[in-house]
Each structure stands twice: as structure tokens, then as C-alpha cells.
Amino acid sequence: MSLNDKQELFALSVAAGLNQTEACINAGYSRNGAAAAACRLMKNQAVLARIEELKKQQNGLNKNINKIVNNDVNTDVNSVNAVKSVSPPSDDPLQFLLKVMNDEDLPPKLRVDAAKALMPYKHGRIGETGKKEAAMDFAIEKSRAGGLSARLEQRGLKKVK
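*Asks:* Help me get a handle on the packing of aromatic side chains, residues and values and all.
*Replies:* In total, this model carries 0 aromatic pairs according to the counting rule given. When the ring centre of Tyr29 is taken as reference, the NZ or CZ atom of Lys6 above it lies at 5.0 Å.

Right, dumping it as C-alpha cells:
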């Protein structure tokens with residue numbers, strides 16, 4: 001028996017790791033009846049079989065990914081070999097990021113990511129000043145410029161000679 005679109009989306013969501021109620025909502029079921037619909041769908045043998053099938057496929061993919069990450073399978077991805085060529089220093093991660101950023105043998109995306117990670121350490125973020133800071137800066141500038149006359153001017157008084 002084949003599944004309809006909502007049932008297929010529900011099975012995909014459950015296999016991906018969502019709880020059953022969230023999976024129902026993602027599949028297009030009503031929020032109000034999502035828990036009841038999830039209970040109903042989990043009793044459907046076709047839906048359960050599809051969820052198991054998707055989980056098996058996912059486990060197979062995870063095993064392949066683990067083999068690639070652990071280098072059990074020969075890969076010809078240049079970035080994996082390039083990353084191995086840069087070994088991190090044991091004491092300073094900033095030096096490691098600088099080395100990655102400046103290494104021309106590495107892929108550009110990796111170098112840009114290292115530069116993004118370094119940016120907060122090298123360049124501070126320039127913030128916007130608020131009203132209080134602007135008023136304080138204005139008052140300081142006025143007081144520096146004219147001494148007592150600037151302070152009187154701020155209060156709306158005139159200087160008597």
C-alpha cells in the first residue's frame with residue numbers, strides 16, 4: 001500500500017529525528033489534532049515500514065560518512081588532504097587561524113572562513129552611539145571651545161562684560 005504525500009512527509013520527519021507531533025505539523029496536519037494524528041499514523045503499518053526503511057538508508061549514509069571522515073575510504077577531495085597539511089599549534093588557536101588564512105594551497109572557502117573567525121580578534125565592532133552619548137559629546141565640545149561662555153550659552157544666558 002502506497003503512502004499519500006502527508007504520510008510520506010510524516011515518515012521523513014520522524015526518520016530525521018523530529019518528535020511525532022512536530023512531524024505531523026511539518027507534514028501539514030492541523031496543530032490542534034497533531035498529537036492524535038501522530039498516534040493514528042504510528043499505528044499504520046505502511047507508515048511504520050517506511051520509517052524503518054528511511055532509518056536504514058540513513059544508517060547506511062552515516063556509515064559511509066564516518067568512513068570518509070576516518071579515511072577508511074580513499075577520497076580524492078583536495079580540501080580533505082589540504083586540511084591535513086595544516087596542523088594546529090598546541091598553544092595558540094589564533095596562530096593556527098592565521099596560518100590557515102595565509103596558506104595559498106588551501107581552498108578559498110576555508111581561508112575565508114578562517115578570516116571570518118579571526119575578524120573579531122583583530123578589528124573591534126564600531127557601535128552606534130545613542131542620544132546620551134551624542135549629547136555628552138556635544139556638551140564636551142562646547143565646553144572645550146569657549147570655556148564659561150559656552151556653558152552660559154547652553155543655559156540660554158548672555159555673557160555680561
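*Asks:* How would you summarise the packing of helix H2 (residues 20–27) against helix H3 (residues 34–43) if you had to cite specific residues and measurements?
*Replies:* Relative to each other, H2 and H3 sit at 100 degrees, their axes nearing to 8 Å. Classified by the interaxial angle, the pair formed by H2 and H3 is roughly perpendicular. Between H2 and H3, the residues in contact are Gln20, Thr21, Cys24 and Ile25 and Ala34, Ala35, Ala37, Ala38, Leu41 and Met42, respectively. Partitioning the contact of H2 with H3 into residue classes produces 8 nonpolar, 2 polar and no charged.

*Asks:* Break down the pattern of salt bridges for me, with residues and values.
*Replies:* On inspection of all chains with the given rule, the structure shows 3 salt bridges. Close ionic contact of Asp113 with Lys109 constitutes a salt bridge, the shortest N to O distance being 3.4 Å. Placement of both Asp113 and Lys109 in helix H7 (residues 108–122) is noted, with a separation of 4 residues, approximately one turn of the helix.

*Asks:* An account of H2 is requested, with residue identities and associated values reported.
*Replies:* Every buried residue of H2 is listed here: Ala23, Cys24 and Ala27. End-on, the buried residues of H2 take up no more than an arc of 100 degrees, which puts them together on one face. Buried residues along H2 sit against helix H1 (5–16) and H3. The backbone nitrogen of Thr21 has a side-chain oxygen 3.2 Å away, supplied by the residue at the start of H2, namely Asn19.

Conventions used here
- Residues numbered from 1 in each chain as written.
- Predicted model: local features only at pLDDT ≥ 70, side-chain atom pairs only at ≥ 80, totals over all residues.
- Heavy atoms only, no water.
- Phe/Tyr/Trp six-rings, centres within 6.5 Å; stacked < 30°, edge-to-face > 60°.
- Lys NZ or Arg CZ within 6 Å of the ring centre and 35° of its normal.
- Axes fitted to C-alpha atoms, helices over the stretch in contact; angles between N-to-C directions.
- Helix = DSSP H or I, 4+ residues; strand = E, 2+ residues; numbered from the N terminus.
- Parallel < 35°, antiparallel > 145°, perpendicular 65-115°, else oblique.
- Contact = heavy atoms within 4.5 Å.
- Nonpolar A, V, L, I, M, F, W, Y, C, P; charged D, E, K, R; others polar.
- Salt bridge = Lys/Arg side-chain N within 4 Å of Asp/Glu carboxyl O.
- Buried < 20%, exposed > 50% of the residue type's maximum accessible area, 1.4 Å probe, protein only.
- Arc of directions from axis to C-beta.
- Polar contact = N/O pair within 3.5 Å; in protein donor to acceptor, adjacent residues only side chain to side chain.

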